[in-house]
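Observations on chain architecture
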Amino acid sequence: IYSSLSVRRGSDTNYIRVLDVEPKPWNSFFDEAPLQGRLRVVSLRHHPPPQFAALSYCRGKPNKSRPYTIELRAKGRYRAKLNITENCRNALCDLRQRRRPLTIWVDSICISQSDIEEMQMQIPLMGSIYLLVAVVYVWLGKDYYFFYDRIMYIKVAAYQWN
């Protein structure tokens, strides 16, 4: 799926992929509904800049006994299942909305992890990506209430910084 959505555009290296995560089905109350979405290419130089969020999370280890995937659509059909970690799946399941797609940049999904040349080109763009996004979601895990004191520290630090 990555080859059909190249971020290489000649000498311009300011193209990235973003993920449009499909909304939760109306009849699902838990996270049992499969994650589905589509990748698309956007330019970081476009004015106005594209509207998207970013996800920062601890990847965790791949779960070999229960692999997690996201179904990626291209040209109207779901044609690829991409393996993701449990933490990535949990974050996207919690963040996805009911009424509209969630447009988000997730490095492990939006950058081809098997293409070293692409990684070398995309990783230096991460600073620009985090500066341009509307919001950065920081995923601490399913049991985030154990991190309450750390969240409060981050809020206080952010308030003092502004």
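Conventions and cut-offs
- All chains use their own residue numbering, which begins from 1 and follows the written sequence.
- Owing to the predicted nature of the model, reporting of local features is limited to residues with pLDDT of at least 70; listing and counting of side-chain atom pairs is limited to 80 or more, with chain, interface and lining totals taken over all residues.
- Based on all heavy atoms of the structure, the side-chain values leave hydrogens and waters out of the count.
- By definition, any uninterrupted DSSP run of H or I lasting at least four residues is a helix, any uninterrupted run of E lasting at least two residues is a strand, and each is numbered from the N terminus.
- Should any heavy atoms of two residues lie within 4.5 Å, those residues are considered in contact.
- The accessible surface values rely on the Shrake-Rupley method and a 1.4 Å probe; as for residues, cover is taken only from the protein chains in view.
- Only protein atoms enter the 1 Å grid used here, on which a cavity is any set of points holding a 1.4 Å probe that cannot leave and a pocket is any open set flanked by protein within 12 Å on both sides along at least five of seven lines; residues with an atom within 4 Å of a point are listed as lining.
- Grid points are joined across faces, edges and corners, and a volume is the space filled by probe spheres set on the points.
- Residue polarity is assigned by list, with Asp, Glu, Lys and Arg as charged and Ala, Val, Leu, Ile, Met, Phe, Trp, Tyr, Cys and Pro as nonpolar; anything else, Gly included, falls into the polar class.
- Excluding any residue in a salt bridge, patches collect residues exceeding 30% relative accessible area, merging like charges within 9 Å and nonpolar Val, Leu, Ile, Met, Phe, Trp and Tyr side chains within 5 Å.
- Whenever Lys or Arg places a side-chain nitrogen within 4 Å of a carboxyl oxygen from Asp or Glu, that contact is recorded as a salt bridge.
- Stacked, tilted and edge-to-face are the three classes applied to pairs of Phe, Tyr and Trp rings, where Trp contributes its six-membered ring and a pair requires centres within 6.5 Å; stacked means planes under 30 degrees apart, edge-to-face means over 60, and tilted covers the rest.
- Relative accessible area decides the class of each residue, using a 1.4 Å probe on protein chains only: under 20% of the type maximum gives buried, over 50% gives exposed, and in between gives partly exposed.
- Residues belong to one nonpolar core when they are buried, are Ala, Val, Leu, Ile, Met, Phe, Trp, Tyr or Cys, and are joined through side-chain atoms within 4.5 Å.
- Throughout this description, a polar contact denotes any pair of N or O atoms lying within 3.5 Å of each other; where both atoms belong to protein, one of them has to be capable of donating a hydrogen while the other can accept it, and for residues adjacent in sequence the pair is counted only when both atoms sit in side chains.

Per an unreviewed UniProt entry, the chain is named Heterokaryon incompatibility domain-containing protein, and its organism is Lentithecium fluviatile CBS 122367.

For the chain, the helix and strand inventory stands at five helices and seven strands. Its helices and strands in sequence order give the chain the pattern β-β-β-β-β-α-β-α-α-α-β-α, from N to C terminus. Once local pairs closer than 6 in sequence are excluded, the contacts in the chain between residues at least 24 apart make up 71%. Accessible area for the chain stands at about 10,500 Å²; split by element, carbon and sulfur atoms hold 55% of it.

What follows deals with the layout of surface pockets. It is the rolling of a water-molecule-sized probe over the atoms that shows where space remains empty. Within this model, the second largest pocket holds a volume of roughly 160 Å³. A class-by-class count of the residues in the lining of the second largest pocket yields seven nonpolar, three polar and one charged.

This next bit is on a nonpolar patch on the surface. Taken together, V136, V138 and L140 make up a surface patch of nonpolar side chains, about 220 Å² in accessible area. Structurally, L140 can be placed in the loop between β7 (135-139) and α5 (148-161).

With that settled, the discussion passes to the packing of aromatic side chains. Aromatic ring pairs are reported here in terms of the distance separating the ring centres and the angle at which the planes meet. In the structure shown here, the tally under the stated rule is one aromatic pair. Each ring, one from W105 and one from Y130, has its centre 5.9 Å from the other, and the planes form 85 degrees; the classification is edge-to-face. Pair noted here: W105 is in strand β6 (residues 102-105) and Y130 is in helix α4 (residues 126-132), with a separation of 25 residues, a long-range link. Y130 sits in the partly exposed class, given a relative accessible area of 28%.

Where charged atoms from two side chains of opposite charge approach closely, those side chains can pair. Taken as a whole and assessed by the stated rule, the structure comprises seven salt bridges. Where R38 meets D20, a salt bridge forms, and the shortest distance between an N and an O atom there is 3.5 Å. Taken together, the residues R38 in strand β2 (residues 35-43) and D20 in strand β1 (residues 15-21) connect sequence positions 18 residues apart. Between K81 and E71 there is a salt bridge, with its nearest N and O atoms 4.0 Å apart. Of the two residues, K81 sits in strand β5 (residues 77-84) while E71 sits in strand β4 (residues 68-74), which places them ten residues apart along the sequence. In this structure, a network of salt bridges that share partners links the residues R8, D115 and E117.

Turning our eyes to something else, we now look at the nonpolar core. Of all hydrophobic cores here, the largest spans 35 residues; its most connected members are I16, L19, L55, L92, I104 and I109. Elements that contribute at least two residues to this core include exactly β1, β2, β3 (53-57), β4, α1 (86-95), β6 and α2 (107-110). Looking at this core, the element that brings in the most residues is α1, giving five residues. When near neighbours in sequence (up to four residues on either side) are disregarded, L55 contacts A91, L92, L95, I104, W105, V106, Y130, Y137 and W139.

By the element assignment, R17 lies in strand β1. Residue classification places R17 among the buried positions, given a relative accessible area of 1%. A polar side-chain atom of R17 sits 3.4 Å from the main-chain carbonyl oxygen of Y2. Side-chain polar atoms of R17 contact the backbone oxygen of L5, separated by 2.9 Å. Excluding its chain neighbours within four sequence positions, the residues that come into contact with R17 are Y2, L5, S6, V7, L39, R40, V41, W105, C110, I111, S112 and E118.

Structurally, the position occupied by I123 is in the loop between α3 (116-122) and α4. Residue classification places I123 among the partly exposed positions, given a relative accessible area of 44%. Sequence separation between I123 and I111 is twelve residues, and the spatial gap between their C-alpha atoms is 8.6 Å.

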